[in-house]
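Take a look at the letters that make up each chain.
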Amino acid sequence: MTDPGEVRASDAEREAVVEQLRVASVEGRLTLAELTDRTEAAYTATTHAELALLTQDLPVGGGPAPAPAPAREGGKRRWFVGIMGDTKRRGTWRIDQELGAVAVMGDVLLDLREAEVRTDVVDVTAVSVMGDVKIIVPDGVNVDLDGVAVMGDKKVDVLEAAPGMNVPVIRVRAYAVMGDVKVLGDSRAQPVKRGLAAWREHWRALHGDDWREVGRQMRDDAREVGRQIRDEHRALERERRDRRRDHRGY
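What counts and what doesn't
- Residues numbered from 1 in each chain as written.
- Predicted model: local features only at pLDDT ≥ 70, side-chain atom pairs only at ≥ 80, totals over all residues.
- Heavy atoms only, no water.
- Pairing = 2+ DSSP bridges.
- Helix = DSSP H or I, 4+ residues; strand = E, 2+ residues; numbered from the N terminus.
- Axes fitted to C-alpha atoms, helices over the stretch in contact; angles between N-to-C directions.
- Phe/Tyr/Trp six-rings, centres within 6.5 Å; stacked < 30°, edge-to-face > 60°.
- Buried < 20%, exposed > 50% of the residue type's maximum accessible area, 1.4 Å probe, protein only.

Caption draft 1: Region of interest: the sheet that holds strand E8 (residues 132-136). The strand order E2-E5-E8-E12-E10 describes an open sheet built from 5 strands, whose pairing is parallel. Across the chains shown, the open sheet's two edge strands, defined by having one partner strand only, are strand E2 (86-89) and strand E10 (153-157). Geometrically, the sheet is characterised by an average inter-axis angle of 5° between neighbouring strands, direction not taken into account. When strand E5 (residues 107-111) meets E8, the two strands line up parallel, connected through 5 bridges. Bridging across to E8, Leu-109 finds its partner in Lys-134.

Take a look at the structure:
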């Protein structure tokens with residue numbers, strides 16, 4: 001009989017998992033990097049077991065999907081400004097409104113990879129005047145970059161998802177005057193430390209379809225090492241007992 005976990009997954013089941021992941025992100029349960037990694041893994045999953053692995057630490061959905069978080073009162077934008085200096089935002093933070101970055105003879109860095117994104121689309125307005133605005137995103141998102149560059153540069157260097165995937169969208173409006181606005185993917189930036197929840201996807205990406213066999217082999221090796229240690233311990237105990245008997249007989 002076929003293992004239920006090994007039953008082949010359908011396109012509809014993959015899309016259902018992607019939607020569950022999106023809802024979890026809006027609820028603040030996943031960072032942008034985790035959402036992107038798991039979404040990509042969902043679209044490439046072939047069995048029910050692989051899909052279940054992506055949602056095993058998330059609550060089982062039963063109610064309607066929550067709407068994306070609305071912008072704050074008045075549609076205010078959250079600004080990051082560097083004037084003849086540096087402004088950086090990285091690590092864990094929350095994005096529930098549009099973002100703005102202004103660099104005037106300075107630098108602004110926005111690292112979105114570990115952010116909790118409460119909206120379907122991240123909107124960023126980036127203004128660079130003789131400065132540098134750098135936005136770091138996970139590879140696998142879709143980036144929509146438009147705007148104007150005058151004696152400057154605006155560019156995207158991100159490994160985007162394949163067409164047809166329902167992945168996060170980063171929309172950037174860039175205005176560069178003798179400055180640069182760059183959107184860089186994870187592979188072009190210093191890597192972030194992966195959390196425990198992303199470890200399994202990372203392991204599978206490294207080892208391909210043989211990842212389960214590798215895991216079983218590691219467990220077997222660990223059990224063998226443990227057996228050898230126990231055998232050596234018993235042998236030492238027997239040797240000590242023999243020495244004590246020989247000493248008493250002497």
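Caption draft 2: Quick look at the packing of aromatic side chains. Tallying each qualifying case throughout the model produces 1 aromatic pair. Ring centres of Phe-80 and Trp-93 lie 5.7 Å apart, and the angle between their planes is 80°; on these two criteria the pair is classed as edge-to-face. With Phe-80 in strand E1 (residues 78-83) and Trp-93 in the loop between E2 and strand E3 (94-95), this pair connects stretches of sequence that are 13 residues apart. Judged by its relative accessible area of 8%, Phe-80 is buried. Owing to a relative accessible area of 4%, Trp-93 belongs among the buried residues under this scheme.

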